[in-house]
Amino acid sequence: MNNIDVSHGNGVAGQVQRQKRFLPSIATMSLGSSALHPLDVKLKIAAAKGFLGVEMYWDDLFQYSLQFRDEPCSCAAQEAAASSFAVLVAATDVANLAASLGLEILSLQPFRNFDGLTDPGLREKRLDEFRLWLATARRLGAGIIGVPSALPTVKAADYTDNRHAVAADLAKLSRLAKAQGIRVAYENLCFAAHVKDWHQAWDRIELAREPDGLLFLPDTFNICGRTYMDPEEACGKMPNAEAGLRASLQRLVDTVPMARMPLLQVADAELPDSPLTADHPWRKEAGLVPLMALSRNARLFPFEERGYLPVVSVIQALVSAGWEGWVSMEVFSRTTAAQGEETIWEHAKRAWESWEKLAHVMGWEARPRMGRQ
């Protein structure tokens, strides 16, 4: 791998380069449940802890929009129009709040279960939904819409794993977004129905032939998912996990241009008390595959107790290859379901402590200022 000094952002000896910038952000769902914890409170607490940016979780924004709704409509079409209008009003309100707090809204995500759709009618319906997402992103001031690979919980008959079909779907989203000044960032989910590893996602991105509008969204959890993690094992790891991940990271930095990664989502994983076999409560009750059960229940912020993924190794590999930008703390966890504002404060505190430790290890400024070059 490229052995650039990550502590000081130096390039080749004798060249004068500006120092790289790494900026702290957090995904709004990392702070609490959409149903239990108001979005405006999440934003205020995130800013109070020191975060400079947020990834906007659609479910949080939709829940927040309910206060802008009138009485339910009897007609389905009127109800849909009222819902869309409320979301747009909420987006304007949230954008104003974020600006007053000094927060940048980086992305709107996740636009789920679109890639590989086989039903033309359903695809058109989802494209109409995506147009609402674009209008919402514009009001938020978010330049990116995150699109993860289709979940394993989708109806198999409705989706194809044909790489050309997936690429065509991504190209369509990218072209619609580009016309609005927005880019699409495609993310492999390690537990997805079809596109599970980063190289599969990048293959579809390249096939789409939209270099200006279609990006790759790296996530430390998902990068580790196919070569390092096996939650059905007591140790949580695959055989030869370290060597497998090293080889995958080498291929990643040799293949994907760092400029095509708009931000980096960062999460560790908790090693479960017992292997996630089929009878484990996280799987049995929800019918989830092992990696999805782990992802939904037990992500952690880096450096937290019981975390076992080599998150720093992933980050170091990308930074050494030239990556810089927004670092987004993104966890899903059973801990976010606890009621009360203290849950938001607790997760914001945990996330900020994690960011400070990461900044120290990487040699970054823990409290960078926006706009400074």
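Preceding this paragraph is the structure being described.
Residues numbered from 1 in each chain as written. Predicted model: local features only at pLDDT ≥ 70, side-chain atom pairs only at ≥ 80, totals over all residues. Heavy atoms only, no water.

Concerning helix α3 (residues 76-101)
Here is step 1 of the chain: The end-to-end C-alpha distance of α3, which contains 26 residues, comes to 37 Å, matching closely the 38 Å that a straight helix rising 1.5 Å per residue would cover.
Here is step 2 of the chain: Those residues of α3 not exposed but buried are Ser83, Ala86, Val87, Leu88, Ala90, Ala91, Val94, Ala95, Leu97 and Ala98.
Here is step 3 of the chain: Contacts from the buried residues of α3 go to α1 (39-49), β2 (53-57), α2 (58-65), β3 (104-109) and α4 (120-140).
Here is step 4 of the chain: After α3 finishes, the residue Gly102 shows a positive phi value of roughly 75°. (Helix = DSSP H or I, 4+ residues; strand = E, 2+ residues; numbered from the N terminus. Expected span 1.5 Å × (residues − 1). Buried < 20%, exposed > 50% of the residue type's maximum accessible area, 1.4 Å probe, protein only. Contact = heavy atoms within 4.5 Å.)

Description of unusual backbone geometry
Here is step 1 of the chain: Omega for the peptide link from Gln109 to Pro110 comes to 0°, which places this bond in the cis form.
Here is step 2 of the chain: Examined against the element boundaries, Pro110 turns out to sit in the loop between β3 and α4.
Here is step 3 of the chain: Phi is positive for Asn113, close to 55°, though the residue is something other than glycine.
Here is step 4 of the chain: Looking at the secondary structure, you find Asn113 in the loop between β3 and α4.
Here is step 5 of the chain: With a relative accessible area of 16%, Asn113 lands in the buried category.
Here is step 6 of the chain: One non-glycine residue, Arg306, lies in positive phi territory at about 80°.
Here is step 7 of the chain: Mapped onto the secondary structure, Arg306 falls in the loop between β9 (299-300) and α11 (311-320).
Here is step 8 of the chain: Overall, the relative accessible area of 38% leaves Arg306 in the partly exposed class.

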